[in-house]
Amino acid sequence: MRIERQWAMPNKWTFKIPPIENLLHEELTDGLWIDPFSGENSMATVTNDLNPNIVADFHMDALEFLKIFDTASIDGVLYDPPYSPRQVRECYDGIGGDLKWDGRVSFWSDAKDEIARVVKPGGKVICFGWNSMGCGINRGFEMQRILLVPHGGSRNDTICTVEVKKGA
């Protein structure tokens, strides 16, 4: 497993943080990539963001978005959800709709179960957050790479994990 640590200034848009942008250029493969929380600057083929003001292919609840894909039909997933209930409110307060996942730990688990269902064997999941959980071995994934991005001061690090789905 490859483990790296690269300092960078924080950015509201994760994919614009230079070491993370570099990781994405290195790790994204050809094929169908999806992003259930695309925000701005996603490199995925098919994007989704609950906020209708974000340019995305879909504006659905992330879990419902993941359910529209067939089993083992996706080459990769970019998974960069809001990291906490506070971030959920910052991102989505005032846009309307039912924020089913605000504070519910089961939402994250359900989303990762759907990701495991839709990713092909040999496909990748690149996760971002304040922990290195990723989708996990119990869902059939093997960790290949971890990028720690400290932002200095009292700011939390951004942790990026790259996992590959095991199987034929």
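The preceding data block contains the structure.
Residues numbered from 1 in each chain as written. Predicted model: local features only at pLDDT ≥ 70, side-chain atom pairs only at ≥ 80, totals over all residues. Heavy atoms only, no water.

Undergrad: Before we go on, may I ask you to explain the pattern of salt bridges in this structure?
TA: Should their charged atoms come close, side chains of opposite charge can pair. By the definition in use, this model includes eleven salt bridges. In this structure, Glu114 engages Arg117 in a salt bridge whose closest nitrogen and oxygen atoms are separated by 2.9 Å. Taken together, the residues span about one helical turn, with Glu114 and Arg117 both in helix 4 (residues 105-118) at a distance of three residues. The exposure class of Glu114 is buried, given its relative accessible area of 15%. Bridged by salt links that share partners, the residues Arg2, Glu4, Glu26, Glu27, Lys124 and Arg145 form one connected network. (Salt bridge = Lys/Arg side-chain N within 4 Å of Asp/Glu carboxyl O. Helix = DSSP H or I, 4+ residues; strand = E, 2+ residues; numbered from the N terminus. Buried < 20%, exposed > 50% of the residue type's maximum accessible area, 1.4 Å probe, protein only.)

Undergrad: Could you clarify how one ought to interpret the nonpolar core in this entry?
TA: As a rule of thumb, soluble globular proteins bury nonpolar side chains together. Judged by nonpolar contacts, the single largest core of 21 residues is most densely connected at Ile34, Phe69, Val77, Tyr79, Ile115, Val119 and Val125. Elements represented by at least two residues in this core include exactly helix 2 (62-67), strand 4 (74-79), helix 4 and strand 5 (119-129). Every residue in contact with Tyr79, bar those within four places of it in the chain, is listed here: Pro36, Phe37, Trp108, Ala111, Lys112, Ile115, Ile126, Cys127 and Phe128. Grouped together as the second largest cluster of nonpolar side chains are 15 residues, Ala8, Ile126, Val149 and Cys160 included. (Core = buried A, V, L, I, M, F, W, Y, C linked by side-chain atoms within 4.5 Å. Contact = heavy atoms within 4.5 Å.)

Undergrad: Before we go on, may I ask you to explain helix 1 (residues 18-27) in this structure?
TA: Because each turn of an α-helix spans 3.6 residues, side chains separated by three or four positions in sequence point in the same direction. For helix 1, the set of buried residues is Pro19, Ile20, Leu23, Leu24 and Glu27. The buried residues of helix 1 occupy an angular sector of 140° when projected down its axis, which confines them to one face. Check the buried side of helix 1 and you find it contacts strand 2 (33-35), strand 4, strand 5, strand 6 (141-149) and strand 7 (158-165). (Arc of directions from axis to C-beta.)

Structural measurements only, silent on function.
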